[in-house]
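Next come the chains, spelled out residue by residue.
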Amino acid sequence: MLHSPESPPSAVPFRTRRKRTRRIASLAVLLLACGVAARFAIRSTPVTTTDVVRGTAVEAVYATGTIEPVERVTIRAKVAGVLQPFTIHEGDSVKEGDLIGRVDSPS
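What you see is a predicted model; the values in this text were computed from it and never measured. (Residues numbered from 1 in each chain as written. Predicted model: local features only at pLDDT ≥ 70, side-chain atom pairs only at ≥ 80, totals over all residues. Heavy atoms only, no water.)

Peer 1: I'd like a description of the overall build of the protein, backed by residues and values.
Peer 2: Check the secondary structure of the protein and you find one helix and two strands. Within the protein, the proportion of its 107 residues that are buried is 0%. Nonlocal contacts in the protein, meaning residues at least 24 apart in sequence, comprise 23% of its contacts between residues at least 6 apart. Approximately 11500 Å² of the protein is accessible, and the part contributed by carbon and sulfur atoms is 58%. (Helix = DSSP H or I, 4+ residues; strand = E, 2+ residues; numbered from the N terminus. Buried < 20%, exposed > 50% of the residue type's maximum accessible area, 1.4 Å probe, protein only. Contact = heavy atoms within 4.5 Å. Areas by Shrake-Rupley, 256 points an atom, 1.4 Å probe, with all protein chains shown as cover.)

Peer 1: Just give me the short version of the layout of surface pockets, but keep the residues and values in it.
Peer 2: Empty space among the atoms can be located by rolling a probe the size of a water molecule over them. Counted as a void, the largest pocket has a volume near 290 Å³. The wall of the largest pocket is formed by 13 residues, among which Ile75, Val94, Lys95, Asp98 and Ile100 lie closest to the centre. Partitioned by chemical class, the residues of the lining of the largest pocket number five nonpolar, four polar and four charged. Roughly 180 Å³ of internal volume is contained in the second largest pocket. Around the second largest pocket sit Ile75, Arg76, Ala77, Leu83, Phe86, Leu99, Ile100, Gly101, Arg102 and Val103, which together line it. Taken together, the residues that form the lining of the second largest pocket break down as seven nonpolar, one polar and two charged. (1 Å grid on protein atoms, 1.4 Å probe; cavity = no way out; pocket = protein on both sides within 12 Å on 5 of 7 lines; lining within 4 Å. Points joined across faces, edges and corners; volume = space filled by probe spheres on them. Nonpolar A, V, L, I, M, F, W, Y, C, P; charged D, E, K, R; others polar.)

Peer 1: Please set out a nonpolar patch on the surface residue by residue, giving values where relevant.
Peer 2: A surface patch of nonpolar side chains, amounting to about 360 Å² of accessible area, comprises Val79, Leu83, Phe86 and Val103. When you line up the elements, Val103 lands in strand β2 (residues 103-104). (Patch = residues over 30% accessible without salt bridge, like charges linked within 9 Å, V, L, I, M, F, W, Y side chains within 5 Å. Salt bridge = Lys/Arg side-chain N within 4 Å of Asp/Glu carboxyl O.)

Peer 1: Help me get a handle on the environment of Ala77, residues and values and all.
Peer 2: You can see Ala77 is positioned in the loop between α1 (14-42) and β1 (82-83). Ala77 gets classed as partly exposed once you look at its relative accessible area, which sits at 47%. Put simply, Ala77 and Val103 are 26 residues apart on the chain and 7.5 Å apart in space, counted from C-alpha to C-alpha.

Peer 1: Tell me about the confidence of the model for the protein, residues and numbers included.
Peer 2: This prediction gives the protein a mean pLDDT of 80; 88% of its residues lie at or above 70. The weakest mean pLDDT in the protein belongs to β2 at 80; the strongest belongs to α1 at 87. (pLDDT = per-residue confidence, 0-100.)

Peer 1: Tell me about α1, residues and numbers included.
Peer 2: A rise of 1.5 Å per residue sets the reference length of α1, with its 29 residues, at 42 Å; its end C-alpha atoms lie 42 Å apart and thus fit the reference within 8%. Burial within α1 is sparse, with just zero of its 29 residues counted as buried. (Expected span 1.5 Å × (residues − 1).)

And the structure:
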């Protein structure tokens, strides 16, 4: 770096000092922003607790809405034919492999 005869060799040029000051200020702002973000991320959520008591449960719930199954399945027969009466009724619980109906195959 070239120095003019009137400036001492140890003096830092003005532009270099300005760049360094901007970098330090930018770093300080970045650290402050990270600190604020960490404060909001670590903040605990307030909860309300109560003691357990015995009592009567609600016997009925009156509400409107739609009941949807957790999982839908498609039921198909492996052969063509007339479907005989079901061996189960609406609302019955079934497991995989349970017989739910028979197909009368003419062949």
